[in-house]
Amino acid sequence: MKIASLFIPCIVDLFLPEIGEATVQVLRRLGVDPLYHKAQTCCGQPAMNAGYRDQAKKAAKHFIDVFGDDDVIVSPSGSCVYMVKHHYPELLSDEPVWLQRAEEVSKRIFELSQYIVDILGIEELGASFNGAVTYHESCHILRGLGVSDQPKRLIQKADGVKFVSLPLADMCCGFGGEFAETYDYISEEMVKEKVGCYLESGADLLVLCEPGCLLNIGGYLSRNHPEKKALHIANFLAGTGGVG
Amino acid sequence: MEIRTTLFNEIAEKEIRNPYARAFLKAMPAAIAARRKTVMGSFPDPDAAQACGQAIRAEVVAWLPELLEEFEKNALARGAKILWARDAGEANEMVLAIAKERNVTYVTKGKSMVTEEIGLNDALAESGIEPFETDLGEFIAQQLKRPPFHIVGPAINVPVEEVCDLFMEKAGMEKPTTDPVELGYAARLFLRDKFHHVALGVTGVNMAVAETGTIINLENEGNIRFNKSSPRTQVSIMSLEKVVPTMEDAMHLTRLLSRNCTGQAISAYVSMDSGPKKPGEIDGPEELFIIIVDNGRSEIYADSVAREALRCIRCGGCLNICPVYAKIGGYPYGWAYSGPMGQVLTPLLLGLDRTQDLYRACTLCGSCREVCPAGVDHPSMFLYYRSKDVEEDRGLRGKKRPWKESRFFDLWSRAVTHSALWNLGFRLARPLVNRYSHSGVITRMGGYFEGWFRTRNLPAIAKETFHERWKRLRRETAPGGQNGRKGKP
Amino acid sequence: MSEEEITGRSAREDILGRLKEIPKTVVEPRPDMPPLRELSLDREQMITTFIEKLTLEEGIVYRVQDGREAIARLTEIVVGEGLQKVMVSTDDVVASLDLPAWGKEQGIAVLTPRDSGDRDSFRDAVFDEVEAGITGADYAVAESGTLVIVHDADQPRLISLAPIMHIALVSVERIVPTYERAIEELYGDTKNIPSHVTFITGPSMTADIKGKPFKGMHGPRRLMVILIG
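Computed from a prediction, not measured in an experiment: that's the story for all the values here.

## Topic: the overall build of chain A
- Helix and strand counts for chain A come out as 13 helices and 8 strands.
- Rg of the C-alpha trace for chain A: 17 Å, near the compact-globule value of 18 Å for 244 residues, within the 12% margin.
- By its C-alpha atoms, chain A is 50 × 45 × 25 Å across when sized along the principal axes.

Here's what the structure looks like:
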């Protein structure tokens, strides 16, 4: 019986818990028993990005304490996985014991689609959608983790799906965490362009793997094009509704 | 050059609504990025080629003083005169001294970002020596008194009608036209006359080759070649980091620079000077001065993270790919260097306190890092500067963060290590946030979050967070699952 | 302004001193890179590639068998364009064709740098009087259709730059696959390095106004290459 420890980031916990639920359902369908440590809080990304390294370090150590004994950690958020893999060793570089633990955890944490395709070796899991589907390449997932084929294959192998490519698929949607608030006038032009590409693609559904991007793109769609939907890959695979 | 880095938002908000700027920005960067991809394909292994460029630049940073000494030695042996300038003031004084001693009344200049950095044009003009920018885009920008819009096209956003008016007023053009080609030829005639009689030509330097003491310039127009061929005196100005180890390295970087800058395999002209002209040669400079400018770089060098900024070869690849630059263009960056590379370098040269927006107006998307042939990790640099603000670092002139923000992250860090506190915080926040919601959607909120809601909605905080749902989810049908077991692959 | 202030000697010590204070970091060895494809081209393939690449940049390339045919092609060009006055360099390739004599036959004024005498008169001639510059080239680089010209007493810089047309003559024996081949030969002997070398890949160009590209910004508007052999 495979077991995977879930890291559910704050955005999902608070605003999009259905992504977490769908993750649980999908893992169970694949014969994986999801485990959720209630002591988990945050990967520390907000503090890191704002320059508060001491505070981010505290979050990192807490994360390592919570997840340190797990053999596999899965998260429906690529940016959080990137935080752990890329920034934890950097934050803890001056504390050898913590650094070693961080490097261990780095090896065992996966973004959801990466886990399903690369670790479980599964591409077809009985998902279905009748219509054209397109995919947005989130920055931390594509450039940070090198994950791109995996979610696309999962989408393409779903029953009834016609996969269409998204123009400028790898262009940033303009979320950037705090950026969306502090430089709102730039952020909104970026998400407008991203949504314009979605409309241009002719797809019936936009799928993505990053909750932050989903809040951003989904939030814009909800206000301006409520008939167009965006869905997290977990919900897409589980066949359950989402934002947009 | 006026420093307007504190006006980032004001300028950006204006530019983002400028139809000419937006039209250009929509088309050109994407076109160049696509061409870049194709032309990088001329390498059997483009990733290896890029990695090689990055390795060369890593060596340059690591061995900077030794390479500079080697360059100087070899350039002197070729008959060049090498001058060192600690700052902009010293550099400008040197150029002025050289010009005045030779009774120069005007100079012609090739495009050079470091000369903008040191404000050479202003220094010359103030001393009664007229500087003529001769790169067409720089010429237009200079005459309009505007900063460069883009590394490759400094004035590419200027409407043709404005260029026409300008040329009729300042470039001796007689008949009005809005045809870009005719306008270009009008500028050509005007500047050609300057080249014909010029006594002192000023250029930048793309690469200074240590192995041979050679300076190399890349261009498409030919104005730099004129500055190296027509006058009796040539002054070439370089910042420290322009040095490269060998001619072979220079060839490799030439390929990478051209591909990243304009999507060309190579620029139309590459010119290489090893000292002034030799006896018997009928053109070329009798004297070649090479001014090596520090202007804060040797101080940056002491910081092991900041010094990575010195890898940059000014190819502009990052500008061409940046999604933020694609919305706001070059002006908001407020100084000689724009786009992601400007965001990396300007804060180090001017101080973090006056350049706050430069490293904060970024989503950390990493596109710049991905294309950089020199191996600059822009997002890491920005995170580093942000942390230096929090630390109020004196060397980099970090600026103290707002009290509310510091307090927030202190509380945050207490909660993040105590999940009971963390979850309590959410439970307390939920009714406060959700009082703005109807039917599970928030369409408006004041204060800090106001900007989001101008064009977007937000889901309300869930009635049951995932954390709260887990108890129920755990109990639902799971294939043979048990509680408390550790996650195994 | 003191000599020391002008030469910035103390600035040098300051700058290098600060840089040298910092302990050296270890640098990773350079990664391997597969050799460029052009290195495996034979002569004919290099010639084809050279012509293809330069043509894409709007250079015009003629291939001729020998010096006699080169003169014939040159005549065609010059007469076809109605040129009256040209400046030629005196490098080996051009010298071997005896263009001053050819000019007399054709009724075309052929100037050499020495005809002008001093540098200012030469400059006046190339800027204002001649309609084309004719030079040899030291190498033709296949990878990008690039001419490599070494400038010396027989090869002034302005001849390939100031006139509106540049005609270059180069033997196919000078064709090389990549820049490095030319660079190795030119810069290999550190005691004898040319003062000025230019790589020329097509006519002068810009797209600085409205992104609209055009040729002949400052340098020649037209580049023609006669490949001999």
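## Here we look at the pairing of strand β8 (residues 229–232) of chain A
All names here are of chain A.
- The pairing of strand β7 (residues 205–208) with β8 spans 4 bridges and is classified as parallel. If you follow L205 over to β8, its bridge partner there is K229.
- In this view, the connection linking β7 to its parallel neighbour β8 by way of helix α12 (residues 211–224) has right-handed handedness.

## So, the sheet that holds strand β5 (residues 128–135) of chain A
Residues and elements named next belong to chain A.
- If you trace the 4 strands from one edge of the open sheet to the other, you get β6-β5-β7-β8, paired in parallel fashion. Of all strands in the sheet, those with a lone pairing partner are β6 (159–163) and β8, marking the two edges. Between one strand and the next, the sheet's axes are offset by a mean angle of 40°, whatever the strand orientation.
- Note: β5 against β6, 4 bridges, orientation parallel. By the bridge assignment for β6, A132 is matched with K162.
- Each of β7 and β8 is contacted by α12, which is oriented at about 165° to β8, the strand it contacts most.

## Observations concerning the interface of chain C and chain B
- Listed as interface residues are 65 residues of chain C and, on the opposing side, 73 residues of chain B.
- The set of elements that each furnish at least two residues to the side of chain C that touches chain B consists of α1 (3–7), α2 (9–21), α8 (119–129), β6 (146–151), α9 (179–187), β9 (196–200) and β10 (205–206) of chain C.
- For the side of chain C that touches chain B, the per-class residue count stands at 31 nonpolar, 17 polar and 17 charged.
- Where strand β9 (residues 269–273) of chain B lies against β9 of chain C, 5 bridges are found, and the strand directions are antiparallel. Bridge pairing links Y269 of chain B to I200 of chain C in β9 of chain C.

## Re the pairing of strand β7 (residues 165–171) of chain C
Residue and element names in this part refer to chain C.
- Counting buried positions over the 7 residues of β7 gives 6, a clear majority of the element.
- Across 4 bridges, strand β4 (residues 132–136) lies against β7 in parallel orientation. If you follow G136 over to β7, its bridge partner there is L169.
- Of the strand pairs in this sheet, β7 and strand β12 (residues 222–228) are connected by 7 bridges, and their pairing is parallel. By the bridge assignment for β12, I167 is matched with M224.

## Observations regarding the environment of E173 of chain C
Residue and element names in this part refer to chain C.
- Inspection of the secondary structure puts E173 in the loop between β7 and β8 (175–176).
- Take E173: there are 9 C-beta atoms within 10 Å of it, and that puts it in the exposed class.
- Each C-alpha atom of the pair E173 and A140 lies 9.0 Å from the other, and the pair is 33 residues apart in sequence.

## Notes on the interface of chain B and chain A
- Opposite the 57 residues of chain B that make contact, chain A presents 68 residues.
- At the level of secondary structure, the elements contributing two or more residues to the side of chain B that touches chain A comprise α1 (8–15), α15 (325–328), α19 (378–390), α20 (403–416), α21 (419–434), β13 (458–459) and α22 (466–475) of chain B.
- Residue composition of the side of chain B that touches chain A, grouped by class: 30 nonpolar, 14 polar and 13 charged.

## Some points on the packing of α20 of chain B against α21 of chain B
Residues and elements named next belong to chain B.
- Running from N to C, α20 and α21 cross one another at 120°; their axes reach a closest spacing of 6 Å. When the axes of α20 and α21 are compared, the pair comes out oblique. Where α20 abuts α21, its residues R414, A415 and V416 lie against L421, W422 and G425.

## Section: the domain arrangement of chain A
All names here are of chain A.
- Along its sequence, chain A is organised into domain 1 (2–118) and domain 2 (127–238).
- Look at where the C-alpha atoms of domain 1 and domain 2 centre, and you get two points 22 Å apart.
- Listed per partner, the contact involves 28 residues of domain 1 and 24 residues of domain 2.
- Going through the elements one at a time, α1 (10–14), α2 (17–29), α3 (45–50), α5 (78–91) and α7 (112–119) are the ones with two or more residues in the side of domain 1 that touches domain 2.
- Per-class residue counts for the side of domain 1 that touches domain 2 are 16 nonpolar, 9 polar and 3 charged.

## Points about the sheet that holds strand β3 (residues 73–75) of chain A
Residue and element names in this part refer to chain A.
- Read across the sheet, 4 strands follow the order β2-β1-β3-β4 without closing on themselves; strand pairing throughout is parallel. Both edges of this open sheet fall to β2 (32–35) and β4 (109–111), since each of them pairs with a single strand only. Taken pair by pair, the neighbouring strands of this sheet meet at an average axis angle of 35°, ignoring direction.
- Bridge count between strand β1 (residues 2–6) and β3: 2 bridges; the pairing is parallel. Looking at β3, one finds that L6 is bridged to V74.
- Against the sheet, α2 touches β1 and β2, its axis set at about 150° to β2.

## A few points about the confidence of the model for chain C
- Looking at chain C as a whole, its pLDDT mean stands at 94, while 96% of the residues score no less than 70.
- For this predicted complex, the interface confidence score (ipTM) comes to 0.97, while the overall pTM stands at 0.95.

## Overview of the environment of Y115 of chain A
Residue and element names in this part refer to chain A.
- With respect to the element layout, Y115 can be found in helix α7.
- Overall, Y115 belongs to the buried group, with 25 C-beta atoms counted inside 10 Å.
- Considered as a pair, Y115 and A238 are 123 residues apart in the sequence and their alpha carbons are 15 Å apart.
- Ignoring sequence-local partners within four residues, the contact set of Y115 consists of V74, F110 and L120.

## Points about the arrangement of the chains
- Where 2 pairs of chains are in contact, the pair with the most contacts is made of chains B and C.
- Here chain A and chain C are not in contact; the least distance found between their C-alpha atoms is 17 Å.

## Points about the packing of helix α4 (residues 53–67) of chain A against helix α6 (residues 96–108) of chain A
All names here are of chain A.
- Look at α4 against α6: their axes get within 10 Å of each other, and the N-to-C directions meet at 60°. Taken together, α4 and α6 sit at an angle that is classed as oblique. Crossing of α4 against α6: the hand is left-handed. Contacts between α4 and α6 involve A60, K61, I64 and F67 on the former and, on the latter, W98, R101, A102 and V105.
- Broken down by class, the residue content of the contact of α4 with α6 amounts to 6 nonpolar, no polar and 2 charged.

Cut-offs and rules
Residues numbered from 1 in each chain as written. Chains lettered and ligands numbered in written order. Predicted model: local features only at pLDDT ≥ 70, side-chain atom pairs only at ≥ 80, totals over all residues. Helix = DSSP H or I, 4+ residues; strand = E, 2+ residues; numbered from the N terminus. Rg over C-alpha atoms; globule rule 2.2 N^0.38 Å. Pairing = 2+ DSSP bridges. Right-handed = clockwise from strand over helix to strand, strands pointing away. Axes fitted to C-alpha atoms, helices over the stretch in contact; angles between N-to-C directions. Contact = placed C-beta atoms within 7 Å. Nonpolar A, V, L, I, M, F, W, Y, C, P; charged D, E, K, R; others polar. Buried ≥ 20, exposed ≤ 12 C-beta atoms within 10 Å, placed from the backbone. Parallel < 35°, antiparallel > 145°, perpendicular 65-115°, else oblique. Domains from an automatic or database assignment. pLDDT = per-residue confidence, 0-100. Left-handed = near helix turned anticlockwise from the far one by under 90°.

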